[in-house]
Amino acid sequence: GLELSHCVGANSLGPAVPWRSGGPCKMKRVRTVFKPEQLERLEQEFLKQQYMVGTERVDLAATLHLTETQVKVWFQNRRIKWRKQSMEQKAAKLSQFGVIQPATADSTDIKEHEEDTVDVEL
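Each chain has its residues counted from 1, following the order in which its sequence is written. Whole-chain, interface and lining totals are the exception, using all residues; otherwise, since this is a predicted model, local features are given only for residues with pLDDT of at least 70 and side-chain atom pairs are given and counted only at 80 or more. Where side-chain values are given, they derive from all heavy atoms of the structure, hydrogens and water being excluded.

Our working rule: UniProt positions are given in the numbering used here, feature names are shortened, and annotations may be inferred rather than shown by experiment.
Taking an unreviewed UniProt entry as the reference, the protein is identified by name as Homeobox protein not2 belonging to Pelecanus crispus. Quoted verbatim from the Subcellular location (unreviewed entry) field of the UniProt record, the comment on the protein reads "Nucleus".

1. Examining the packing of aromatic side chains
Here is the rule: In this analysis, rings of Phe, Tyr and Trp, with Trp reduced to its six-membered ring, are considered paired at centre separations within 6.5 Å, and the interplanar angle assigns stacked below 30 degrees, edge-to-face beyond 60, and tilted for intermediate values. In this text, helices come from DSSP runs of H or I with a minimum length of four residues, and strands from runs of E with a minimum of two, each type numbered from the N-terminal end. To sort residues, take the accessible area from a 1.4 Å probe on protein chains only and compare it with the maximum for the residue type: under 20% means buried, over 50% means exposed, and anything in between is partly exposed.
All chains considered together, the criterion is met by three aromatic pairs. A ring pair is formed by F46 and F75, whose centres lie 6.2 Å apart and whose planes are at 50 degrees; its orientation type is tilted. You can see F46 sitting in helix α1 (residues 36-48) and its partner F75 sitting in helix α3 (residues 68-96), a full 29 residues away along the chain. Residue classification places F46 among the buried residues on the basis of a relative accessible area of 4%. Ring geometry for W74 and F75: centres 5.2 Å apart, planes at 75 degrees, overall edge-to-face. For W74, a relative accessible area of 10% gives the class buried. Pairwise contacts between aromatic rings join F46, W74 and F75 into one cluster.

2. Some remarks on the pattern of salt bridges
Quick reminder of the rule: When a carboxyl oxygen of Asp or Glu is within 4 Å of a side-chain nitrogen of Lys or Arg, the pair counts as a salt bridge.
In the structure shown here, the tally under the stated rule is four salt bridges. The partner of K48 in a salt bridge is E45, and the shortest N-O contact between them spans 3.6 Å. Taken as a pair, K48 and E45 lie in helix α1 at a separation of three residues, close to a single helical turn. Taking the relative accessible area as the measure of exposure, E45 reaches 10% and is therefore buried. Where E68 meets R57, a salt bridge forms, and the shortest distance between an N and an O atom there is 3.2 Å. One end of the pair, E68, is in helix α3; the other, R57, is in helix α2 (residues 54-64), and eleven residues separate them in sequence. Judged by relative accessible area, which is 35%, E68 ranks as partly exposed. Note on R57: relative accessible area 15%, which makes it buried. Among the ionic contacts, a cluster of salt bridges with common partners joins R41, E45 and K48.

Shown next, in the form of C-alpha coordinates:
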(Lines give C-alpha, C1' and ligand atoms only; values in the text may rest on other atoms or scores of the structure.)
Protein backbone atom coordinates (compact mmCIF):
# COMPACT_ATOMS: atom_id res chain seq x y z
CA GLY A 1 0.00 0.00 0.00
CA LEU A 2 2.92 2.45 -0.04
CA GLU A 3 3.04 4.46 -3.24
CA LEU A 4 6.12 6.50 -4.08
CA SER A 5 6.64 9.24 -6.61
CA HIS A 6 9.59 9.41 -9.00
CA CYS A 7 13.16 10.12 -7.88
CA VAL A 8 14.37 13.67 -7.57
CA GLY A 9 17.57 13.52 -9.60
CA ALA A 10 20.11 15.58 -11.54
CA ASN A 11 17.58 16.69 -14.16
CA SER A 12 15.28 18.25 -11.56
CA LEU A 13 15.50 21.68 -9.98
CA GLY A 14 17.70 20.48 -7.13
CA PRO A 15 20.33 17.88 -6.34
CA ALA A 16 19.44 14.29 -5.54
CA VAL A 17 18.69 13.92 -1.84
CA PRO A 18 18.73 10.58 0.00
CA TRP A 19 15.47 9.57 1.70
CA ARG A 20 15.80 7.65 4.98
CA SER A 21 17.82 4.72 3.63
CA GLY A 22 20.64 6.87 2.27
CA GLY A 23 19.74 5.90 -1.29
CA PRO A 24 20.67 7.85 -4.41
CA CYS A 25 17.39 9.75 -4.71
CA LYS A 26 14.53 11.17 -2.68
CA MET A 27 11.27 9.27 -2.82
CA LYS A 28 8.08 10.90 -1.62
CA ARG A 29 4.98 9.02 -0.55
CA VAL A 30 1.81 9.90 -2.48
CA ARG A 31 -0.86 11.19 -0.11
CA THR A 32 -3.88 8.92 0.34
CA VAL A 33 -7.04 10.44 -1.14
CA PHE A 34 -10.13 9.06 0.57
CA LYS A 35 -13.43 8.68 -1.27
CA PRO A 36 -16.40 10.62 0.17
CA GLU A 37 -18.07 7.34 1.17
CA GLN A 38 -14.94 6.24 3.05
CA LEU A 39 -14.69 9.58 4.87
CA GLU A 40 -18.37 9.46 5.83
CA ARG A 41 -17.97 5.98 7.33
CA LEU A 42 -14.71 6.91 9.10
CA GLU A 43 -16.40 9.98 10.62
CA GLN A 44 -19.37 7.86 11.75
CA GLU A 45 -17.03 5.43 13.48
CA PHE A 46 -15.08 8.29 15.06
CA LEU A 47 -18.30 9.67 16.57
CA LYS A 48 -18.88 6.27 18.19
CA GLN A 49 -15.33 5.86 19.46
CA GLN A 50 -12.16 7.89 19.08
CA TYR A 51 -9.87 4.85 19.20
CA MET A 52 -10.21 2.04 16.68
CA VAL A 53 -8.09 -0.99 17.51
CA GLY A 54 -7.71 -4.70 16.86
CA THR A 55 -10.24 -6.62 14.83
CA GLU A 56 -12.54 -3.57 14.62
CA ARG A 57 -9.83 -1.69 12.71
CA VAL A 58 -9.08 -4.70 10.48
CA ASP A 59 -12.78 -5.15 9.68
CA LEU A 60 -13.32 -1.45 8.96
CA ALA A 61 -10.26 -1.35 6.71
CA ALA A 62 -11.48 -4.37 4.75
CA THR A 63 -14.98 -2.92 4.42
CA LEU A 64 -13.62 0.38 3.10
CA HIS A 65 -10.97 -1.25 0.86
CA LEU A 66 -8.18 0.49 2.79
CA THR A 67 -5.14 -0.84 4.60
CA GLU A 68 -5.20 -1.17 8.36
CA THR A 69 -2.41 1.43 8.49
CA GLN A 70 -4.46 3.92 6.51
CA VAL A 71 -7.34 3.55 8.99
CA LYS A 72 -4.96 3.83 11.96
CA VAL A 73 -3.33 6.98 10.60
CA TRP A 74 -6.70 8.52 9.75
CA PHE A 75 -7.89 8.00 13.35
CA GLN A 76 -4.65 9.44 14.76
CA ASN A 77 -4.93 12.55 12.61
CA ARG A 78 -8.66 12.89 13.34
CA ARG A 79 -7.99 12.84 17.10
CA ILE A 80 -5.52 15.70 16.66
CA LYS A 81 -8.09 17.67 14.65
CA TRP A 82 -10.72 17.00 17.34
CA ARG A 83 -8.39 18.18 20.13
CA LYS A 84 -7.56 21.36 18.21
CA GLN A 85 -11.25 22.09 17.60
CA SER A 86 -12.03 21.46 21.28
CA MET A 87 -9.30 23.88 22.38
CA GLU A 88 -10.56 26.53 19.95
CA GLN A 89 -14.13 26.17 21.23
CA LYS A 90 -12.90 26.40 24.82
CA ALA A 91 -10.89 29.53 24.01
CA ALA A 92 -13.90 31.10 22.27
CA LYS A 93 -16.12 30.45 25.30
CA LEU A 94 -13.51 31.90 27.67
CA SER A 95 -13.10 35.00 25.50
CA GLN A 96 -16.87 35.59 25.69
CA PHE A 97 -16.48 35.98 29.43
CA GLY A 98 -13.42 38.18 29.14
CA VAL A 99 -11.03 35.46 30.33
CA ILE A 100 -7.77 35.60 28.38
CA GLN A 101 -5.69 32.45 28.02
CA PRO A 102 -1.90 32.60 27.98
CA ALA A 103 -0.57 32.69 24.40
CA THR A 104 1.42 29.48 24.93
CA ALA A 105 -1.51 27.34 26.14
CA ASP A 106 -2.55 26.14 22.68
CA SER A 107 0.98 25.32 21.53
CA THR A 108 1.71 23.50 24.80
CA ASP A 109 -1.41 21.35 24.47
CA ILE A 110 -0.60 20.51 20.87
CA LYS A 111 3.03 19.62 21.71
CA GLU A 112 1.86 17.17 24.39
CA HIS A 113 -0.05 15.20 21.74
CA GLU A 114 2.40 15.65 18.89
CA GLU A 115 3.35 11.99 18.98
CA ASP A 116 -0.17 11.18 17.72
CA THR A 117 0.30 13.25 14.56
CA VAL A 118 1.22 10.94 11.71
CA ASP A 119 1.26 11.92 8.07
CA VAL A 120 3.07 8.96 6.58
CA GLU A 121 2.54 5.25 6.46
CA LEU A 122 5.29 2.99 7.75
